[in-house]
Amino acid sequence: MNRESLLTQIGWLCAALGLALILTIIVCLPSGAPPFETIYVLFKGGLGSMSKIGRVLAGWVPLTLCAVGLLVPFTARLWNIGVEGQVIMGAVFCTAALRFFPEGGGVVQIILGFAAAMLGGAVWALLAGLLRVFGRVHEIFSGLGLNFVALGVTMWLIFGPWKRPGVASMSGTQPLDISLWLPRLGTLSVSWVGLALAIAAILCIYILLHRTTWGLKMRAVGENTKAATLFSLGPRRRLLQAFMLCGALAGLAGATQVLGVYHRLLPAISSNYGYTALLVGMMASFRLPLVPFICLFFSILNVGSIQLPLQMGLDSSLSGVIQGVMVLSLFIIQGMRLWFRQRRETN
Amino acid sequence: METFALTLAAILVAGAPLVLATLGETLTEKAGIINLSLDGSILLSAMAAFACSAAFDNPWLGVLAGMAVGAAIAGILGIVGIYLGQSQLAVGFILTLLCRDLAYFLGHNYSRQPGPDLGLWTIPGVGDITFIGPIFGSQSPIVYLALAAIFCCWWWMFRTQGGMRLRAVGESPRAAFGRGIRVRLVRLYYCLAGGALVGMAGAAYSLAVKPGWGRPQGCEGAGWIALAIVIFGGWHPVRTALGAFFFAALQVSGIYLQEYFPSIPAPVFQVAPFPMMILTLLAVNMGRMGWVQDLVRRHPILKTFSKGWNIEAPAALGQDFDPKKGL
């Protein structure tokens, strides 16, 4: 397979973006919304002011943590659809650990919260991994089922044992003491701790996957499980490790949501970041260097979409539609490329 | 006795859309295509069905609209997955998320609006029979449709030429191609047909089981359960339908359990089918694990149980077939 020139590649990418734009406009039409104005409002809502950019970055942190984590199981050709549940369990474990300190605390307690969240996410991912390795349950179903179970656990905690004195509602548990909140970056709503964690995660995963024998062996497992067994690379153990590492990062994302954004546990704590991260992964074709940028773009869409119901009377799910349409267009264009190439070869 | 019959009637209604969705997916998977977009597909077709029936004041037009939407989504998956050679799992998953958000976005104006529903059909004479009467005498038309669909699917799959081609394409596309069957086209047809049934399931939710549209509609997650039931049912229409009714029974009993355990919050019962889904998949797949097979070999008495475990997926499930590469 000869490598195509950069210009052709950019051309195909533009074709994908153009297709995504056309599809988005088609989608906007039946709702009676003027397409270009809608898209303008969407981006202005995400980039219009410094506080909005702060919110974009606050969304970028958990999304990047999840998406980067997903690269690890994907290297072993595993679909960890359970990220969403792992984010939720991270948040639950984090809240559980910090409930021991109602009077607040300091750095030690926050680190404890992070550790508990990573443990929670890893345990939840391990469950899916064990079901796959010892029960032959496809990870898509176990992961998805566990997502719903995690949601059920959160609901039960919020309405049951952890309910606020007096009222139990969807608004969540009693907020954490202010001393346990992550410090903000200036006046922005994003914490530098979260940003540092996300950047550290990118670097760590890059080194782990591309600069260590562990990553090399993981790739070998992904390419050919049978051969990996014969070379005694221990594919089962490695699959479990991949799941747990991804789960730990997803759990960390849950902790940043609890400690940095909401400061308590609520039913919507995961904000769908797990599912969006899967889209990011597919959009980037699981290439690490692209992931942070796509996360940033998707985060702008998410924050901008909050303006849609306020300014245009539209549902905020348009951001999800655009994200989905973009990834779908990329797949369609990739497929068409393949089709054209095959036709050229047969002629 | 009366309440038991009414419970069975409730299970039939709750199970009907699941039956339709699982039958649709069974058809698609028998042809070798995995349609992972079920959950979003059901939601979007539920929205389309409700919007269309509200706009034209005719629920049956809504059912048709739902089927058309379901088929269209399956068509996208079919074309991108079969002809453009992209991963069926990936495209299906993207479509799930996309359709879900699309349903909420486009359905915004129809949220919590009044609209027609399919109502009840009364079969004259049946209502007076003891026990059978309360169950079948006066039911939602979707129940009769689902029951008819079970028979039709079974008959088509195992008693007709077309069904044989369907199974051939899913089991051994190369052999089917050698016999002159246009493998990709047949697969696309069953993708569309399965999608239409899934769309009907969506319409069943918004026009019969939980009439109306809103965010959330209440059928979120049903598609994933349906996908698991197909595996549980071993890709056999009758067994799959039984599985669907079994899960519906779980959902209905969840509502009853809620009355007995008022201290447990309602959302907990809503997620109850999902651990069940994992456990049933575990039970179904256990038989193929090495250590279980060792156990069966050492204790031959277990062999009698292991018969139920022997479920084989269509051999070419999820695999590409490119006729240009020949036999």
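Residues numbered from 1 in each chain as written. Chains lettered and ligands numbered in written order. Predicted model: local features only at pLDDT ≥ 70, side-chain atom pairs only at ≥ 80, totals over all residues. Heavy atoms only, no water.

An unreviewed UniProt entry lists chain B under the name ABC transporter permease, with Pseudodesulfovibrio sediminis as the source organism. One UniProt comment on chain B, placed under Subcellular location (unreviewed entry), says "Cell membrane". (UniProt positions renumbered as here; feature names shortened; annotations may be inferred.)

In the nomenclature of an unreviewed UniProt entry, chain A corresponds to ABC transporter permease from the organism Pseudodesulfovibrio sediminis. As stated in UniProt under Subcellular location (unreviewed entry), the record for chain A gives "Cell membrane".

> Explain the overall build of chain B to me, please; I cannot follow it from the model alone.
Looking only at helices and strands, chain B has 15 helices and 2 strands in total. By the compact-globule yardstick of 20 Å for 327 residues, chain B fits well, its C-alpha radius of gyration being 20 Å. Reported as C-alpha extents along the three principal axes, the dimensions of chain B are approximately 55 × 50 × 40 Å. Out of the 327 residues belonging to chain B, those deemed buried represent 55%. A separation threshold of at least 6 residues defines the contact pool for chain B, and within that pool the share at least 24 residues apart is 77%. Accessible area of chain B: about 14000 Å², with a carbon and sulfur share of 66%. (Helix = DSSP H or I, 4+ residues; strand = E, 2+ residues; numbered from the N terminus. Rg over C-alpha atoms; globule rule 2.2 N^0.38 Å. Buried < 20%, exposed > 50% of the residue type's maximum accessible area, 1.4 Å probe, protein only. Contact = heavy atoms within 4.5 Å. Areas by Shrake-Rupley, 256 points an atom, 1.4 Å probe, with all protein chains shown as cover.)

> What should I look at first to understand the interface of chain B and chain A in this one?
How big an interface is tends to be stated in terms of the accessible area lost upon association of its parts. Across the contact, 44 residues belong to chain B and 50 residues belong to chain A. Both sides together, the interface formed by chain B and chain A hides about 4100 Å², and carbon and sulfur atoms give 79% of it. For the interface between chain B and chain A, the tally reads 1 salt bridge. Ionic pairing is found between A:D315 and B:R215, a salt bridge with its closest N-O pair at 2.7 Å. Taken together, the links from chain B to chain A amount to 5 residue pairs in polar contact (both at pLDDT 80 or more). Of all the secondary structure elements, the ones that give two or more residues to the side of chain B that touches chain A are helix 3 (59-83), helix 4 (88-106), helix 10 (222-232), helix 12 (266-270) and helix 13 (273-286) of chain B. Ranked by residue count, the leading element in the side of chain B that touches chain A is helix 4 of chain B, at 13 residues. (Buried area = accessible area lost by both parts, 1.4 Å probe. Salt bridge = Lys/Arg side-chain N within 4 Å of Asp/Glu carboxyl O. Polar contact = N/O pair within 3.5 Å; in protein donor to acceptor, adjacent residues only side chain to side chain.)

> Teacher, can you tell me more about the confidence of the model for chain A here?
For residues with low pLDDT, the predicted coordinates do not support detailed interpretation. For chain A, the average pLDDT comes to 89, and 99% of its residues sit at 70 or higher. When pLDDT is averaged over each helix and strand of chain A, the minimum, 73, is found for helix 9 (residues 225-230) of chain A and the maximum, 96, for helix 4 (residues 83-98) of chain A. (pLDDT = per-residue confidence, 0-100.)

> How should I be thinking about unusual backbone geometry in this particular structure?
Peptide bonds are, in most cases, trans, and in most cases residues other than glycine have a negative phi. A cis geometry characterises the amide bond from B:R215 onward to B:P216, with omega recorded as 0°. Among the secondary structure elements, B:P216 is positioned in the loop between helix 9 (183-209) and helix 10. Here A:S285, not a glycine, exhibits a phi torsion of approximately 50°, which is positive. Locating A:S285 in the fold gives a position in the loop between helix 11 (273-283) and helix 12 (291-305). Given a relative accessible area of 33%, A:S285 falls into the partly exposed group. The backbone of B:R112 shows a phi angle near 55°, a positive value even though the residue is not glycine.

> Got a minute to help me understand the confidence of the model for chain B in this structure?
Averaged over chain B, the pLDDT score is 88; the fraction of residues at 70 or greater is 97%. Overall fold confidence (pTM) sits at 0.92, and the ipTM for the predicted complex is 0.91.

> Looking at this model, I keep getting lost on the environment of A:S49. Mind explaining?
Residues and elements named next belong to chain A. Structurally, the position occupied by S49 is in the loop between helix 2 (35-47) and helix 3 (50-75). Relative accessible area serves as the criterion here: at 28%, S49 is assigned to the partly exposed category. Along the primary structure S49 and W162 are separated by 113 residues, whereas in three dimensions their C-alpha atoms are 37 Å apart.

> Explain the nonpolar core to me, please; I cannot follow it from the model alone.
For soluble globular proteins, the rule of thumb is that nonpolar side chains tend to be buried together. Counting residues in hydrophobic clusters, the biggest one holds 202 residues, and the most contacted among them are A:M282 and B:F93. Look past the residues within four positions of B:F93 in its chain and what remains in contact with it is A:W79, A:I81, A:Y275, A:L278, A:M282, B:L36 and B:W224. (Core = buried A, V, L, I, M, F, W, Y, C linked by side-chain atoms within 4.5 Å.)

> Before we go on, may I ask you to explain the UniProt feature "transmembrane region" (unreviewed entry) in chain B in this structure?
Residues and elements named next belong to chain B. Per the UniProt annotation, the sites labelled "transmembrane region" (unreviewed entry) are residues 31-56, 63-83, 89-106, 142-158, 188-209, 221-238, 245-261 and 267-287. Strand forms 0% of residues 221-238 and helix 72%; the C-alpha atoms that close the span are 22 Å apart. Along residues 267-287 the backbone is 86% helical and 0% strand, and the end-to-end C-alpha distance reaches 33 Å.

> Just checking my understanding: could you explain the packing of helix 6 (residues 141-159) of chain B against helix 7 (residues 161-171) of chain B for this structure?
The description of two packed helices rests on the angle between their axes and on the distance between the axes. Residues and elements named next belong to chain B. The contact between helix 6 and helix 7 brings their axes to 5 Å, and the two run at 75°. For the element pair helix 6 / helix 7, the angle class is roughly perpendicular. Every residue of helix 7 that contacts helix 6 at W156, M157 and F158 is listed here: G162, G163, M164, L166 and R167. (Axes fitted to C-alpha atoms, helices over the stretch in contact; angles between N-to-C directions. Parallel < 35°, antiparallel > 145°, perpendicular 65-115°, else oblique.)

> What is the right way to read the packing of aromatic side chains from this model?
The geometry of an aromatic ring pair is captured by the separation of the ring centres together with the interplanar angle, meaning the angle of the planes. All names here are of chain A. For the structure shown, the criterion picks out 16 aromatic pairs over all chains. Considering the side-chain rings of F43 and F297, the 6.0 Å spacing of their centres and the 40° angle between planes classify their relative orientation as tilted. Placement of the pair is F43 in helix 2 and F297 in helix 12, with a sequence separation of 254 residues. A relative accessible area of 28% places F43 in the partly exposed class. (Phe/Tyr/Trp six-rings, centres within 6.5 Å; stacked < 30°, edge-to-face > 60°.)

> I'm lost on the pattern of salt bridges in this one. Help?
In this structure the tally under the stated criterion is 5 salt bridges over all chains. The residue A:R77 makes a salt bridge to A:E223 at a minimum N-O spacing of 3.7 Å. One end of the pair, A:R77, is in the loop between helix 3 and helix 4; the other, A:E223, is in helix 8 (residues 213-223), and 146 residues separate them in sequence. Relative accessible area serves as the criterion here: at 44%, A:R77 is assigned to the partly exposed category. For B:R297, the salt bridge identified is with B:D294, shortest N-O distance 3.1 Å.

> What am I meant to see in the packing of helix 10 of chain B against helix 11 (residues 237-260) of chain B here?
All names here are of chain B. Between helix 10 and helix 11, the shortest axis-to-axis distance is 8 Å and the interhelical angle comes to 135°. It follows from the interaxial angle that helix 10 and helix 11 lie oblique. Here helix 10 and helix 11 pass one another in a crossing that is right-handed. Contacts between helix 10 and helix 11 pair I225, I229, V230 and F232 from the former with R239, T240, G243, A244 and F247 from the latter. Here the residues of the contact of helix 10 with helix 11 are counted per class, giving 6 nonpolar, 2 polar and 1 charged. (Left-handed = near helix turned anticlockwise from the far one by under 90°. Nonpolar A, V, L, I, M, F, W, Y, C, P; charged D, E, K, R; others polar.)

> Got a minute to help me understand empty space enclosed by the protein in this structure?
In this approach a probe as big as a water molecule rolls over the atoms, and the regions it shows empty are the leftover space. All names here are of chain A. A complete count under the given rule lists 3 cavities of 30 Å³ or more for this structure. Put simply, the largest cavity is a space of about 80 Å³. Forming the walls of the largest cavity are A58, V61, P62, L182, S189, V190, S191, G194, T256, Q257, G260 and V261. Taken together, the elements giving at least two residues each to the lining of the largest cavity come down to helix 3 and helix 10 (235-262). For the lining of the largest cavity, the element with the most residues is helix 10, which contributes 4 residues. (1 Å grid on protein atoms, 1.4 Å probe; cavity = no way out; pocket = protein on both sides within 12 Å on 5 of 7 lines; lining within 4 Å. Points joined across faces, edges and corners; volume = space filled by probe spheres on them.)

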